[in-house]
Amino acid sequence: MDAVRVALLREVLAGTRWPDAARRFAGSLRRSLAPAGGNLLLVGTEQYEPWHLAAHLADEAAWSGLAELAPTLVRHRVLPGEPPHLSVGLGRLEAARRGHTLLVVAPDGPGEGLLQRVHDARRAGATVLSLDGGDPDLGTLAHETLSVAEGSAELDLDTVQHLVSAAAGENSLPEQRRPRGFRDRLARLADQLTAPPPSPW
């Protein structure tokens, strides 16, 4: 979904809680990430793989110059011969610790196995965020949750993911970091100009 469609969607949803809720959630996501990047782990359920959100966050990371937004997609099943960015299995969650952010996308129940891994990651110090259908167990584990109840009259979880990914890349989000100096801004611009395009999903 491009910026024009996101703007139209926000206009349609004006007066509802969703635009502000998505921006708040995106702000929590941004604040949980280390500037160096590489610490955002994105995982879905056995039935739902959030590859579309992974692609949007990778695009936002490239366009905004915020490398930390580029996620590692963690998958329940990895088939032989798949490209490296699609070959990270659930074992990666065992290495999550303080400084890592685990973003769980679960339209339905996450299942006991995933809940246990999320619980272990949180105990090891990882920040847990959840985009979900209202699962109470996942909500208890998450530091921040944005839930869309099944059958919501206004929108579905896929649409909320578009709002969150777009908001995550916006420069208007409040940042809890020191102001960037001239050299920092110049270095960031140079990185943006010389960076290769994001890999296709």
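Structure first, text after, so check above.
As the structure is a computational prediction, the values presented were derived from the model and not from experiment.

**Q** Pulling in residues and values, what's your account of the overall build of the protein?
**A** Helix and strand content of the protein: 7 helices and 6 strands. Tracing the protein from N to C terminus, the helices and strands come up as α-α-β-α-β-β-β-α-β-α-β-α-α. Buried residues in the protein amount to 42% of all 201 residues. In the protein, the proportion of contacts linking residues at least 24 apart, taken out of those at least 6 apart, comes to 68%. Surface exposure of the protein reaches about 10700 Å², of which carbon and sulfur atoms provide 54%.

**Q** Tell me about the sheet that holds strand S2 (residues 72–75), and please be specific about residues and values.
**A** The 6 strands are arranged S3-S2-S1-S4-S5-S6 in an open sheet whose pairing can be described as parallel. If you trace the sheet from one side to the other, it starts and ends with strand S3 (88–89) and strand S6 (144–147), each paired once. Each of strand S1 (40–43), strand S4 (101–106) and strand S5 (127–132) touches helix H4 (residues 112–123); the most contacted strand, S4, lies at about 160° to it. Helix-sheet contacts for helix H6 (residues 157–168) involve S4, S5 and S6, and the interaxial angle to S5 is about 135°.

**Q** Summarise the packing of aromatic side chains; cite the residues concerned and give the values.
**A** In the structure shown here, the tally under the stated rule is 0 aromatic pairs. Over the face of the ring belonging to tryptophan 18 we find arginine 17, whose NZ or CZ atom lies 3.9 Å from the ring centre.

**Q** Go over helix H1 (residues 3–12), please, and point to the residues and values.
**A** Taken together, the buried positions of H1 are Val6, Leu9 and Arg10. Each buried residue of H1 sits inside an arc of 100° when the element is viewed along its axis, so together they form one side. Away from its buried face by more than 90 degrees, H1 exposes Val4, Arg5, Glu11 and Val12. Of the surrounding secondary structure, the elements contacted by the buried residues of H1 are helix H2 (18–32) and H6.

**Q** Just give me the short version of H2, but keep the residues and values in it.
**A** The periodicity of an α-helix, 3.6 residues per turn, causes residues three or four places apart in sequence to face the same way. The end-to-end C-alpha distance of H2, which contains 15 residues, comes to 21 Å, matching closely the 21 Å that a straight helix rising 1.5 Å per residue would cover. For H2, a buried count of 11 out of 15 residues is recorded, marking the element as mostly surrounded by other parts of the structure. Tucked into the core, H2 has its buried residues touching H1, S1, S4, S5, S6 and H6.

**Q** Can you explain the pattern of salt bridges? Please cite residues and give values.
**A** In the structure shown here, the tally under the stated rule is 5 salt bridges. For the salt bridge of arginine 10 with glutamate 170, the shortest nitrogen-to-oxygen distance reads 2.7 Å. Within this pair, whereas arginine 10 is found in helix H1, its partner glutamate 170 is found in the loop between H6 and helix H7 (182–194), the two being separated by 160 residues in sequence. Both residues of the pair, arginine 10 and glutamate 170, belong to the buried class. The network of salt bridges with common partners includes Arg10, Arg23 and Glu170.

**Q** Please give an account of the side chain of serine 64 that cites residues and values.
**A** Mapped onto the fold, serine 64 is located in helix H3 (residues 51–64). We classify serine 64 as buried; its relative accessible area is 8%. At 2.6 Å, the side chain of serine 64 forms a polar contact with the backbone oxygen of glutamate 60. Here leucine 66 takes part through its backbone nitrogen, which lies 3.3 Å from a polar atom of the side chain of serine 64.

Calculation notes
- Residues numbered from 1 in each chain as written.
- Predicted model: local features only at pLDDT ≥ 70, side-chain atom pairs only at ≥ 80, totals over all residues.
- Heavy atoms only, no water.
- Helix = DSSP H or I, 4+ residues; strand = E, 2+ residues; numbered from the N terminus.
- Buried < 20%, exposed > 50% of the residue type's maximum accessible area, 1.4 Å probe, protein only.
- Contact = heavy atoms within 4.5 Å.
- Areas by Shrake-Rupley, 256 points an atom, 1.4 Å probe, with all protein chains shown as cover.
- Pairing = 2+ DSSP bridges.
- Axes fitted to C-alpha atoms, helices over the stretch in contact; angles between N-to-C directions.
- Phe/Tyr/Trp six-rings, centres within 6.5 Å; stacked < 30°, edge-to-face > 60°.
- Lys NZ or Arg CZ within 6 Å of the ring centre and 35° of its normal.
- Arc of directions from axis to C-beta.
- Expected span 1.5 Å × (residues − 1).
- Salt bridge = Lys/Arg side-chain N within 4 Å of Asp/Glu carboxyl O.
- Polar contact = N/O pair within 3.5 Å; in protein donor to acceptor, adjacent residues only side chain to side chain.

Any functional reading would require information beyond the geometric quantities listed.
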